[in-house]
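Inside the fold
The primary structure of each chain is shown beneath.
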Amino acid sequence: MTKMHVQTSINGETVEFLCSPQQTLLEALREIVGRQGTKEGCGTGDCGACSVLIDDRLVCSCLVFAAETQGAEVTTIEGIAGDGGLHPLQEKFLEHAALQCGICTPGFIVAAKSLLDRDPDPDEETIRYWLAGNLCRCTGYDKIIRAVQDAAGELAYQA
């Protein structure tokens with residue numbers, strides 16, 4: 001089988017890898033590049049657990065071919081935290097106990113960051129709409145929504 005050479009940026013670091021033409025970005029991240037934070041939930045784009053940003057666009061990595069990221073900037077959950085520690089979204093998810101098993105958490109945090117990058121002061125309806133592509137089987141959604149609202153307030157305070 002023919003392998004494709006891909007050079008991309010993952011969390012600000014230039015990465016090169018070989019992948020098959022039909023290999024998903026999710027598979028490449030976890031199996032080739034070693035970024036285990038992005039989780040596989042459904043494999044069909046229905047749950048949002050594998051959400052990443054490609055050139056600041058929120059996508060399910062199980063629906064994107066790895067080869068499509070040639071020359072792109074990919075941000076995974078590992079790229080959300082800064083050098084100084086956890087991102088406020090990550091801190092607020094912990095503070096509000098907005099996680100349990102952890103499978104959906106990376107996808108929720110990446111999706112919420114995508115929202116807050118576009119709308120730093122979203123109302124509850126906007127947050128619920130934006131996160132509608134992410135499913136959680138454990139926590140229920142109220143703690144997640146409150147964590148995002150609280151992070152938005154903290155980020156606005158820091159600005």
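Residues numbered from 1 in each chain as written. Predicted model: local features only at pLDDT ≥ 70, side-chain atom pairs only at ≥ 80, totals over all residues. Heavy atoms only, no water.

1. Let's talk about unusual backbone geometry
- We note that Asn11 has phi near 55°; this positive angle belongs to a residue other than glycine.
- Mapping Asn11 onto the fold places it in the loop between β1 (4-10) and β2 (13-19). (Helix = DSSP H or I, 4+ residues; strand = E, 2+ residues; numbered from the N terminus.)

2. Points about the packing of helix α2 (residues 88-95) against helix α5 (residues 142-158)
- Taken N-terminus to C-terminus, the directions of α2 and α5 make an angle of 140°; their axes are 8 Å apart at the nearest point. Classified by the angle their axes make, α2 and α5 are oblique. Here α2 and α5 pass one another in a crossing that is right-handed. Between α2, through Pro88, Leu89, Glu91, Lys92, Phe93 and Glu95, and α5, the contact on the second element is made entirely by Ile144, Ala147, Val148, Asp150, Ala151, Glu154, Leu155 and Gln158.
- The residue makeup of the contact of α2 with α5, split by class, is 8 nonpolar, 1 polar and 5 charged. (Axes fitted to C-alpha atoms, helices over the stretch in contact; angles between N-to-C directions. Parallel < 35°, antiparallel > 145°, perpendicular 65-115°, else oblique. Left-handed = near helix turned anticlockwise from the far one by under 90°. Contact = heavy atoms within 4.5 Å. Nonpolar A, V, L, I, M, F, W, Y, C, P; charged D, E, K, R; others polar.)

3. So, the nonpolar core
- Formed by 23 residues in total, the largest nonpolar core has its most connected members in Leu89, Phe93, Phe108, Leu131, Ile144 and Val148.
- Among the elements that line this core, the one with the most residues is helix α3 (residues 105-118), at 7 residues.
- With sequence-adjacent residues up to four places away left out, Phe93 is seen in contact with Ala98, Leu99, Thr105, Phe108, Ile109, Ile144, Ala147 and Val148.
- One finds Val15, Val33, Ile54 and Val64 within the second-largest nonpolar core, a separate group that totals 17 residues. (Core = buried A, V, L, I, M, F, W, Y, C linked by side-chain atoms within 4.5 Å. Buried < 20%, exposed > 50% of the residue type's maximum accessible area, 1.4 Å probe, protein only.)

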